[in-house]
Amino acid sequence: MIETWALTHRHAFSIVHPYAGQSFPDLSETDMLVIMGGPMGVYEENQYPWMKAEKYGIEKAIQAGKKVLGVCLGAQLIANVLGARVYPHEEKEIGWFPVYPENTNPAENPYAALFMPRLTVFHWHGDTFDLPSGAINLASSSACRHQMFTWSNHVMGLQFHLEVGKENVEQMLRAGHAEVNEALARQPKASFVQQPEYILAQTSLHAAACHQCLQSLLDIFTKDV
C-alpha cells in the first residue's frame, strides 16, 4: 500500500534489500526513506551483520533531514539509532488489536484524528523500545505503550502495520506459524496473540480502514516536502 501511495502521487521510488547485500540508497537522490519489518531483533547484529550498515544508513538519512518512516522492525531500528533501548517485551502482540491516540490536541498530534477514538491495526512483534530522547509518543495499545512516535518533524516510527492486506497476512502466517504456535502453547490464554484463523477473518474487516489511514498519514507526513 505504500507503493500504491507513491504511484498515486507519481513519486519515483526504488526498493532495496539490505539483507541481500544491496547498497543503501544514495541520499543525494532521496527525499524519503521507508524502513520495513522483519523477524530479527535490532540487537542481533552478530547474527545479521547487514543491520549494522542499515543502521548507519538510517542515521545518515536522519542527520541529513530526510523524511524517515519506520514500520515495526523499522521503527525499532530508528529508535535504536536515536539512542533508545530496544528489548524483548513481556509478551508478544500478534493479531488485530486497537491503538489509541496518546494526545488528541491537533496542534501537538496532527495524526490524532486518524486514530480517534481508536483504530484496529495489525501487530506482529515481540520486542518493544524506550522512547528516544526528544521523541513524542502519539499512540498506544493495551499491550504496549510505545506504538507510534515522531522525532523532530521528519522522523516517524510505527510499531504496528497499516499496510498489510490479506495476501501479506497469509504470507506472514506461513512464514511465522512456528512463532504463533509457540506463543499460544506457552500462553494458552494469551491476551495479545490471536489464532491464525481469527487473524485472517479480522483482516477482511479492518484492512481497508487501515489502508485509508495510511494514505492520509503519509500525506500529512510528507506535506512539507
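Residues numbered from 1 in each chain as written. Predicted model: local features only at pLDDT ≥ 70, side-chain atom pairs only at ≥ 80, totals over all residues. Heavy atoms only, no water.

Visitor: Before we move on, could you go through helix 2 (residues 50-63) and cite the residues and values that matter?
Guide: Count 3.6 residues to each turn of an α-helix, and residues three or four apart come out pointing the same way. Between its terminal C-alpha atoms helix 2 stretches 20 Å, which fits the 20 Å expected from 14 residues at 1.5 Å a residue. Buried within helix 2 we find Trp 50, Met 51, Glu 54, Lys 55, Gly 57, Ile 58, Ala 61 and Ile 62. The arc enclosing the buried residues of helix 2, seen along the axis, measures out at 160 degrees, which places them on a common side. Turned more than 90 degrees away from the buried face of helix 2 sit Lys 52, Ala 53 and Gln 63, all of them exposed. Of the surrounding elements, those touching the buried residues of helix 2 are strand 1 (32-35), strand 2 (67-71), helix 3 (73-81), strand 6 (148-151) and strand 7 (155-158). At the exit of helix 2 stands Gly 65, carrying a positive phi of roughly 80 degrees. (Helix = DSSP H or I, 4+ residues; strand = E, 2+ residues; numbered from the N terminus. Expected span 1.5 Å × (residues − 1). Buried < 20%, exposed > 50% of the residue type's maximum accessible area, 1.4 Å probe, protein only. Arc of directions from axis to C-beta. Contact = heavy atoms within 4.5 Å.)

Visitor: How would you summarise the packing of helix 5 (residues 166-175) against helix 7 (residues 196-221) if you had to cite specific residues and measurements?
Guide: Between helix 5 and helix 7, the shortest axis-to-axis distance is 9 Å and the interhelical angle comes to 165 degrees. Our classification of the angle between helix 5 and helix 7 gives roughly antiparallel. At the point where helix 5 passes helix 7, the crossing takes the right-handed sense. Contacts between helix 5 and helix 7 involve Lys 166, Val 169, Glu 170 and Leu 173 from the first element and Pro 196, Ile 199, Leu 200 and Thr 203 from the second. Taken together, the residues that form the contact of helix 5 with helix 7 break down as five nonpolar, one polar and two charged. (Axes fitted to C-alpha atoms, helices over the stretch in contact; angles between N-to-C directions. Parallel < 35°, antiparallel > 145°, perpendicular 65-115°, else oblique. Left-handed = near helix turned anticlockwise from the far one by under 90°. Nonpolar A, V, L, I, M, F, W, Y, C, P; charged D, E, K, R; others polar.)

Visitor: Please give an account of the pattern of salt bridges that cites residues and values.
Guide: Opposite charge on two side chains lets them pair, provided their charged atoms get close. Under the definition given, this model contains five salt bridges. Between Arg 85 and Asp 130 there is a salt bridge whose closest N-O contact spans 3.3 Å. Taken as a pair, Arg 85 in the loop between helix 3 and strand 3 (86-101) and Asp 130 in the loop between strand 4 (119-129) and strand 5 (135-140) lie far apart in primary sequence, 45 residues in all. One salt bridge connects Arg 145 with Glu 102, and the closest N-O pair in it is separated by 2.8 Å. Of the two residues, Arg 145 is situated in the loop between strand 5 and strand 6 and Glu 102 in the loop between strand 3 and helix 4 (112-115); the sequence distance between them amounts to 43 residues. Classification of Glu 102 as partly exposed rests on a relative accessible area of 32%. (Salt bridge = Lys/Arg side-chain N within 4 Å of Asp/Glu carboxyl O.)

Visitor: Give me helix 7: which residues, what numbers.
Guide: The terminal C-alpha atoms of helix 7, which comprises 26 residues, lie only 33 Å apart, well short of the 38 Å expected from a rise of 1.5 Å per residue. Bending of helix 7 peaks at approximately 45 degrees at the position of His 206. Within helix 7 the residues assigned to the buried category are Ile 199, Gln 202, Thr 203, His 206, Ala 207, Cys 210, His 211, Cys 213, Leu 214, Leu 217, Leu 218 and Phe 221. (Bend = angle between axes of the 7 residues up to and from the residue.)

Visitor: So what about the nonpolar core? Which residues, and what values?
Guide: Counting 34 residues, the largest nonpolar core has Phe 115, Met 148 and Leu 162 as its most contacted members. Those elements that place two or more of their residues in this core are helix 1 (2-8), strand 3, strand 4, strand 5, strand 7, helix 5, helix 6 (177-186) and helix 7. Examining the composition of this core, we find that seven residues originate from one element, helix 7, more than from any other. Look past the residues within four positions of Phe 115 in its chain and what remains in contact with it is Val 99, Pro 101, Met 148, Phe 160, Cys 213 and Leu 217. (Core = buried A, V, L, I, M, F, W, Y, C linked by side-chain atoms within 4.5 Å.)

Visitor: A description of the packing of aromatic side chains should follow, citing residues and the corresponding values.
Guide: Summed over the entire model, instances satisfying the criterion amount to seven aromatic pairs. With a centroid separation of 6.2 Å and an interplanar angle of 65 degrees, the aromatic rings of Tyr 19 and Trp 50 are classed as edge-to-face. In this pair, Tyr 19 sits in the loop between helix 1 and strand 1 while Trp 50 sits in helix 2, placing the two residues 31 residues apart along the sequence. What makes Trp 50 buried here is its relative accessible area of 19%. Judged by centre distance (6.0 Å) and plane angle (75 degrees), the rings of Phe 115 and Phe 160 are edge-to-face. Of this pair, Phe 115 sits in helix 4 while Phe 160 is found in the loop between strand 7 and helix 5, placing the two residues 45 residues apart along the sequence. Comparing Phe 115 with Phe 160 shows no difference in burial state: the two are buried. (Phe/Tyr/Trp six-rings, centres within 6.5 Å; stacked < 30°, edge-to-face > 60°.)

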